[in-house]
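Geometric and topological summary
Here is what each chain is made of, one letter per residue.
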Amino acid sequence: MKLAKLNGIAFAVVCLCMGSLYALGKKDYAASAGTKNAVVASTSWTAAFADLAGINDVTTIAPTSLRHPPEYELTVQDLQTIASSSVFIYAGFERMMQTIGTSAGAAKMVQIPCDNSIATVQQNAKTLSALFHTEQQSERRVQKYIEEIEAAKKTLAASGLAKKRVLCNTNQTYLAEDLGLNIAQTFGPAPVTSLQIADAATEQYDIIIDNIHNPVGSPLAEVTPQVLYLTWRNFPEQVEKDALLNMVRQNIQTLLNDKN
């Protein structure tokens, strides 16, 4: 009964907020980009793409401290924050979208793909910067991101890591491929099967890269004690400038530190 009552209150609050916002008419996104809560992102990952698009002061809904932010449950205050924003950026796989649906009143709903490939970084930056007229800022930030990925690719090649056979969580293949790693096989995001465990035990893999937000590769590591097992992030630990780049740097450093 308490849950039903809370849901009813939340629905009433968001409807009230949305109704009042509809009366405001069309928003000037570029003019409002720097105002409080004007741009709201579902998670630190979608916020990181907004940063790469040259957008500052992005508010996020899911706390960065969560291991798997998409599972975050909305509060009444969250609904108010979203409903009072100019733009809400989301990926689509977040649990909160079951509550919000595809409409948040006057807030413009912008869905973007989420993976850490250079292609997706460029695509999202183009989409979001066009909305806020931040193309020049975005171009500089994206170029910085690409340059560091390319430099890291050269470093990994020089260290010999690019030749290692990698067993990679599907959700981490995008960055791994851009870094020039040799992905011999993938697993996840579902729990690994007996066939995958048998494959890991018999094939000569050198590195297992798992996803820290939903790790399922420990059974693979158990049957391959000689293999380097590590986890990478997709969701930045901070909402900050260069958030995605800082997170990628940590992923790369994890690989370099543990290579021996």
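Throughout what follows, the structure given in this document is the object of discussion. No experiment lies behind these values; they were computed from the predicted model shown.

Digging into the overall build of the chain
When its secondary structure is counted, the chain shows eleven helices and eight strands. With 260 residues in all, the chain has 48% of them scored as buried. In the chain, the share of contacts with a sequence separation of at least 24, taken over all contacts with a separation of at least 6, comes to 57%. Total accessible area computed for the chain in this model is approximately 12800 Å², and 51% of it derives from carbon and sulfur atoms.

What about the sheet that holds strand β5 (residues 165-169)?
The four strands lie next to each other as β6-β5-β7-β8, forming an open sheet whose pairing is parallel. What marks the edges here is a single partner per strand, and that holds for β6 (182-187) and β8 (228-232). On average, each strand axis in the sheet is inclined to that of its neighbour by 25°, with strand direction left out of account. The sheet contact formed by strand β7 (residues 207-211) and β8 spans five bridges and is parallel. Within the sheet, the bridge partner assigned to Ile208 lies in β8 and is Tyr229. Each of β7 and β8 touches helix α11 (residues 243-258); the most contacted strand, β8, lies at about 165° to it.

Points about the sheet that holds strand β3 (residues 87-90)
Taking strand neighbours across the sheet as the criterion, the four strands line up as β2-β1-β3-β4 in an open arrangement whose pairing is parallel. In this open sheet, the two edge strands, each paired with only one partner strand, are β2 (59-60) and β4 (108-111). Of the strand pairs in this sheet, β3 and β4 are connected by four bridges, and their pairing is parallel. Paired with Tyr90 across the two strands is Gln111, which belongs to β4. Across the sheet, helix α3 (residues 44-52) lies against β1 (39-41), β2 and β3, angled at about 115° from β3, the strand it touches most. Contacts from helix α6 (residues 118-132) reach β1, β3 and β4 within the one sheet, and its direction differs from that of β4 by about 160°.

Looking at the packing of aromatic side chains
In this structure the tally under the stated criterion is three aromatic pairs. Judged by centre distance (5.0 Å) and plane angle (65°), the rings of Trp45 and Phe235 are edge-to-face. Of this pair, Trp45 sits in helix α3 while Phe235 sits in the loop between β8 and α11, placing them 190 residues apart in sequence. Per residue, the accessibility class of Trp45 equals that of Phe235, and both read buried. Where Phe88 meets Tyr90, the ring centres are 5.9 Å apart and the plane angle is 10°; that geometry is what we call stacked. The exposure classification of Phe88 matches that of Tyr90, with both residues buried. Every member of this aromatic cluster is reached through a ring pair, and the members are Trp45, Phe49 and Phe235.

The rules behind each value
- Residues numbered from 1 in each chain as written.
- Predicted model: local features only at pLDDT ≥ 70, side-chain atom pairs only at ≥ 80, totals over all residues.
- Heavy atoms only, no water.
- Helix = DSSP H or I, 4+ residues; strand = E, 2+ residues; numbered from the N terminus.
- Buried < 20%, exposed > 50% of the residue type's maximum accessible area, 1.4 Å probe, protein only.
- Contact = heavy atoms within 4.5 Å.
- Areas by Shrake-Rupley, 256 points an atom, 1.4 Å probe, with all protein chains shown as cover.
- Pairing = 2+ DSSP bridges.
- Axes fitted to C-alpha atoms, helices over the stretch in contact; angles between N-to-C directions.
- Phe/Tyr/Trp six-rings, centres within 6.5 Å; stacked < 30°, edge-to-face > 60°.

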